[in-house]
Amino acid sequence: MRTLPRLDADNRAFWTGGKDNELRLLRCKDCARFIHPPRPVCRYCLSENVAPEAVAGTGVIDTFTVNYQKWHPAMEVPFVIARVAIDGAPGVILTTNIVGCAVDAVDIGDRVRVTFEQQDDVYLPLFEKIA
Amino acid sequence: MSRSDAYITGIGQSEVGMRLTRHPLLLTVDAVREALDEAGLSIAQIDGVSTYPGRSPALLGFSPVGADELIDALGIRATWWRRRRGNHASQLGAVVAAALAVRCGQARHVICYRTVYEAAALARPDEYPMQRRDRVDGFSQWTAPFNALSAACWTAQYAMRHVKKYGLTREQLAQVALTDRANAMLNPRALVREPLTLDEYMSARMISTPLCLYDCDRYTDASTVLIVSAGDAVDEVSCTPIRIAAMAGSVERHSWDQAEWMACYPTGADLWKHTDYTPSDVDTVQLYDGFSFQVITWLEALGFCELGEGGRFIEGGERIALDGELPLNTFGGQLGAGRLHGFGFAHEAVVQLRGKGGARQIAGDPRVAVSTSGGGPLATALLLARD
Ligand SMILES: [Zn+2]
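Residues numbered from 1 in each chain as written. Chains lettered and ligands numbered in written order. Predicted model: local features only at pLDDT ≥ 70, side-chain atom pairs only at ≥ 80, totals over all residues. Heavy atoms only, no water.

1. As for the coordination of the zinc ion
Residues and elements named next belong to chain A.
Then comes step 1: Only C28 (SG), C31 (SG), C42 (SG) and C45 (SG) from the protein coordinate the zinc ion, and they sit 2.3 to 2.4 Å from it.
Then comes step 2: Because the angles between the 4 donor atoms bound to the zinc ion fall within 102 to 118 degrees, the donor set is best described as tetrahedral.
Then comes step 3: All donors of the zinc ion come from a single chain, and their spacing in sequence reads C-x2-C-x10-C-x2-C. Taken as a pair, C31 in the loop between β2 (23-28) and β3 (34-35) and C42 in the loop between β3 and β4 (50-55) lie far apart in primary sequence, 11 residues in all.
Then comes step 4: For C31, a relative accessible area of 28% gives the class partly exposed. (Donors = N, O, S within 2.8 Å, 3.2 Å for Na, K, Ca; no water. Tetrahedral: all angles 85-135°; square planar, octahedral: opposite > 155°, others 65-115°. Helix = DSSP H or I, 4+ residues; strand = E, 2+ residues; numbered from the N terminus. Buried < 20%, exposed > 50% of the residue type's maximum accessible area, 1.4 Å probe, protein only.)

Shown next as structure tokens:
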């Protein structure tokens, strides 16, 4: 079981987009840049004209770690934690897990695609390697 | 000496241990007493208190003693106090804030303290319950759902980038842990005083690659105090005052993943903008090492070597040894002396600059030291000098 985010007006689009199989990031309608974490103002131009928008859902592994420590007794290890730079949204990096491959098959620069894992009302964007 | 300068005068430390039973407020009082004795000051002369991060009710062991409690317990009449983390983020930001306060005439002698009680709290959950939240918000929501639950995982990702991009090796990284442990064995108050070999390091279990068990500090119970005094008040003090020659701190994005680099990089560069000293003037460095890799980043950030060269800079360990050209974490760092959480680095810089290091004292009459705290989006650097 994963620790889940508390949904609110700012983050709901991000955490529930997976219901429609969409990775949704907040985008400024005035300067066109993406804002993450989502906030009601653009950090680049201070516009409040911001709205969620679906991106392709692919990206590149910026860096990663293979976690071996059980931070709580029920945790299954090892697993990969990675930072993924999201295609089409320059500057946005998501901390996530790389799933569907051996932990030693992951490297910086690998191309990955989102896959959602549902838990209650939250759709967690995990990523798997593009073959 | 003019009021435009701030000095660290008295310093103190409680006993350092794991699962201590002494009350955390009393550990703090122990450290205060030692600092007052050294400085020849009385409580009546203290008019300011500063701490990091302030009492943290949801995680009491992390920070069990609030500034308001200490002021009340000691009968301090404070004209200035700082009860929570403010600007100049990270642990030694409490010292930066105190220095600004004395330079502005808001106080003359400020007790800065950091009390940690994480090992005791874990052992006594009835007294120190961990409040479990059903759901997370704020920064945690971007890491916790992916089981990236520890700063070890976040730091490890920056370290992995150094491994892949700049060729950082485990043998190089080991030099931080080995140097720390060798120095800790000469420090009577260090938490861990058994020897550590390269073989033991290389065969240790992984926590989060490339960080192994010996790359991570461990829960500690202790209190550390630094008294910051105004330049026009140091004639009231009986110990050698150590001048805060420069200070810097920065946060651009308060995030462990949106920032490309840890905040130490801009902070390290900024430090030298506030002084005529240069890295070549520095006699010893006391660099935050909650995780060994942070030492590599601070060495690069402060300009002791180029970005990406930190691993090669400490290769073999001779350069950063007690008798090397740039002695590192001479008290044992957090990996050896215990997780004093930032304050240990400034405490030790003062010890060395006063020549009071005993068996671990570095040679050559040191006059200039750097101490730092923080990792990820938090960073503070202090340049300390004996005039
Ligand atoms: Zn904008």
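2. Section: the pattern of salt bridges
Then comes step 1: By the definition in use, this model includes 29 salt bridges over all chains.
Then comes step 2: For A:K29, the salt bridge identified is with A:E53, shortest N-O distance 3.3 Å. Here A:K29 is found in the loop between β2 and β3, whereas its partner A:E53 is found in strand β4, with 24 residues between them in sequence.
Then comes step 3: Among the residues examined, A:K29 registers a relative accessible area of 43% and is labelled partly exposed.
Then comes step 4: B:R360 is paired through a salt bridge with B:E348; the nearest N and O atoms lie 2.7 Å apart. (Salt bridge = Lys/Arg side-chain N within 4 Å of Asp/Glu carboxyl O.)

3. What to know about the sheet that holds strand β11 (residues 368-373) of chain B
All names here are of chain B.
Then comes step 1: The 9 strands are arranged β3-β2-β4-β8-β1-β9-β12-β11-β10 in an open sheet whose pairing can be described as mixed. One side of each edge strand has no neighbouring strand; the edge strands of this open sheet are β3 (80-82) and β10 (284-286). Recorded for the sheet is a direction-independent mean angle of 30 degrees between the axes of neighbouring strands.
Then comes step 2: In this sheet, strand β8 (residues 221-230) lies alongside strand β4 (residues 109-117) in antiparallel orientation, the contact comprising 9 bridges. Along β8, the bridge assignment pairs C112 with L226. (Pairing = 2+ DSSP bridges. Axes fitted to C-alpha atoms, helices over the stretch in contact; angles between N-to-C directions.)

4. Considering the sheet that holds β2(A)
Residues and elements named next belong to chain A.
Then comes step 1: Strand order in the open sheet made by the 3 strands is β3-β2-β4, with antiparallel pairing throughout. Of all the strands in the sheet, just β3 and β4 have a single pairing partner and so form its edges.
Then comes step 2: Sheet analysis places β2 next to β3, joined by 2 bridges and oriented antiparallel. If you follow L26 over to β3, its bridge partner there is I35.

5. Section: the domain arrangement of chain B
Reports of interface size often rely on the accessible area that becomes lost once the parts have come together.
Residue and element names in this part refer to chain B.
Then comes step 1: Under the domain assignment used here, chain B contains domain 1 (6-128 + 219-242) and domain 2 (148-217 + 245-385).
Then comes step 2: With centres defined by C-alpha atoms, the gap from domain 1 to domain 2 works out at 23 Å.
Then comes step 3: Contact residues are listed per partner, giving 41 residues for domain 1 and 29 residues for domain 2.
Then comes step 4: Across the domain 1 to domain 2 interface the summed buried area is about 2900 Å²; carbon plus sulfur atoms make up 67%.
Then comes step 5: The largest share of the area that domain 1 buries against domain 2 comes from Q91, L92 and I242, three residues that together contribute 24% of it.
Then comes step 6: Counting across the interface, domain 1 meets domain 2 through 3 salt bridges.
Then comes step 7: Where R354 meets E38, a salt bridge forms, and the shortest distance between an N and an O atom there is 2.9 Å.
Then comes step 8: One can count 13 residue pairs in polar contact (both at pLDDT 80 or more) joining domain 1 with domain 2.
Then comes step 9: Here the side of domain 1 that touches domain 2 gets 7 residues from one element, more than from any other, and that element is helix α3 (residues 93-103).
Then comes step 10: Partitioned by chemical class, the residues of the side of domain 1 that touches domain 2 number 23 nonpolar, 13 polar and 5 charged. (Domains from an automatic or database assignment. Contact = heavy atoms within 4.5 Å. Buried area = accessible area lost by both parts, 1.4 Å probe. Polar contact = N/O pair within 3.5 Å; in protein donor to acceptor, adjacent residues only side chain to side chain. Nonpolar A, V, L, I, M, F, W, Y, C, P; charged D, E, K, R; others polar.)

6. A short note on the packing of helix α1 (residues 24-39) of chain B against helix α2 (residues 67-74) of chain B
Residue and element names in this part refer to chain B.
Then comes step 1: Between α1 and α2, whose axes approach to 11 Å, the crossing angle comes to 65 degrees. Our classification of the angle between α1 and α2 gives roughly perpendicular. Where α1 crosses over α2, the two elements pack in a sense that is right-handed. Here L25, T28, V29 and V32 of α1 lie close against α2, whose contacting residues are L70, A73 and L74. (Parallel < 35°, antiparallel > 145°, perpendicular 65-115°, else oblique. Left-handed = near helix turned anticlockwise from the far one by under 90°.)

7. Remarks on the packing of helix α5 (residues 151-166) of chain B against helix α9 (residues 293-301) of chain B
Residue and element names in this part refer to chain B.
Then comes step 1: At their nearest, the axes of α5 and α9 sit 10 Å apart, and the two run at 60 degrees to each other. Our classification of the angle between α5 and α9 gives oblique. α5 and α9 meet at a crossing whose hand is left-handed. Two secondary-structure elements touch here, α5 through T155, Y158, A159 and H162 and α9 through F293, Q294, I296 and E300.
Then comes step 2: Here the residues of the contact of α5 with α9 sort into 4 nonpolar, 3 polar and 1 charged.

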